[in-house]
Amino acid sequence: MRPIMIIITLLVLVFSALPRLFTPSQPVLSNWRGSVDQALKVNSINAAAQEALVGVAQPQGRGFDAAMIPSGNPLRAANTVMTQGYGVGTHAPAQVWGAVDLALDGDGDGKADPAGTQNQPVYATHAGHVTLTYDSWPAGNHIWVTNELYRTGYSHLSGFAVSDGQWVNPGDLIGYIGSTGMSSGPHLDYQVWVWRDSQWINQNPLDYGVFAQ
């Protein structure tokens, strides 16, 4: 080979190696069709999101499913009215009797309608195991729906649509409005409790979206 050809070959090899010698190393992002800068930005966002999720889950050691938290109206009806508030009347003291009384306005006058309320369906507001109590005092026919962090109570029912120990999910039919126990008319006494400091602590159901649209 002529000397000139050797020199040319060497120069080609040197110049082709220069980018690898002076370009900073970049991570290999497989299956990414955008630029490296875009990929690095997305990876940073994903990492931050994952760290945030881990942080939220740490108190229980795992993620707590939203279905386990009470939410919404147990009557699932737009014409629901509240006939007694939280922590007043027979619901005082709140830490013992805290609840709200719910009924239906069947005739559109803005007030509870006994005929339109009796035997209307009641639905679970969260997931949990069912505990039934028949003909108790003062709650009448009563249901607890309980999981590891929350329990909800449904009192004065005319009847049950579930079995003792059954697992239910949000929106499952569990019973029917009645006037059993200490009650002056058909309505649902609805309670929310949270497990905290090794005991059940009563909560205001209105903080759990009973009338949320």
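Residues numbered from 1 in each chain as written. Predicted model: local features only at pLDDT ≥ 70, side-chain atom pairs only at ≥ 80, totals over all residues. Heavy atoms only, no water.

A. Just the packing of aromatic side chains, in detail. According to the stated counting rule, one finds five aromatic pairs in the structure shown. Pairing Tyr-134 with Phe-160 gives two aromatic rings, centres 4.8 Å apart and planes at 85°, and the pair type is edge-to-face. Residue Tyr-134 is found in strand E4 (residues 128-136), and its partner Phe-160 is found in strand E6 (residues 150-160); the two are separated by 26 residues along the sequence. Residue Phe-160 is classed as buried on the basis of its relative accessible area of 19%. Ring plane angle 45° and centroid distance 5.5 Å describe the contact between Tyr-154 and Tyr-190, whose orientation is recorded as tilted. Note that Tyr-154 is positioned in strand E6 and Tyr-190 in strand E9 (residues 188-196), a separation of 36 residues in sequence. The exposure class assigned to Tyr-190 is buried, which follows from its relative accessible area of 0%. Stacked on the ring of Tyr-123, the Lys or Arg Arg-76 has its end atom at 5.3 Å from the ring centre. The ring of Trp-193 has Arg-151 lying over it, and the distance from NZ or CZ to the ring centre is 4.9 Å. (Phe/Tyr/Trp six-rings, centres within 6.5 Å; stacked < 30°, edge-to-face > 60°. Helix = DSSP H or I, 4+ residues; strand = E, 2+ residues; numbered from the N terminus. Buried < 20%, exposed > 50% of the residue type's maximum accessible area, 1.4 Å probe, protein only. Lys NZ or Arg CZ within 6 Å of the ring centre and 35° of its normal.)

B. Highlighting a nonpolar patch on the surface. Side chains of Met-82, Leu-206 and Phe-211 sit close together on the surface and give an oily, nonpolar patch of about 240 Å² of accessible area. Residue placement: Phe-211 occurs in the segment after strand E10 (199-203). Under the relative-accessibility criterion, Phe-211 is labelled partly exposed at 35%. (Patch = residues over 30% accessible without salt bridge, like charges linked within 9 Å, V, L, I, M, F, W, Y side chains within 5 Å. Areas by Shrake-Rupley, 256 points an atom, 1.4 Å probe, with all protein chains shown as cover. Salt bridge = Lys/Arg side-chain N within 4 Å of Asp/Glu carboxyl O.)

C. Inspection of the confidence of the model for the protein at higher detail. Put simply, the protein has an average pLDDT of 79, and 69% of its residues get 70 or more. Across residues 17-62 the pLDDT falls below 50, and counting only partners more than four positions away or on other chains, this stretch makes 14 contacts in the model. (pLDDT = per-residue confidence, 0-100. Contact = heavy atoms within 4.5 Å.)

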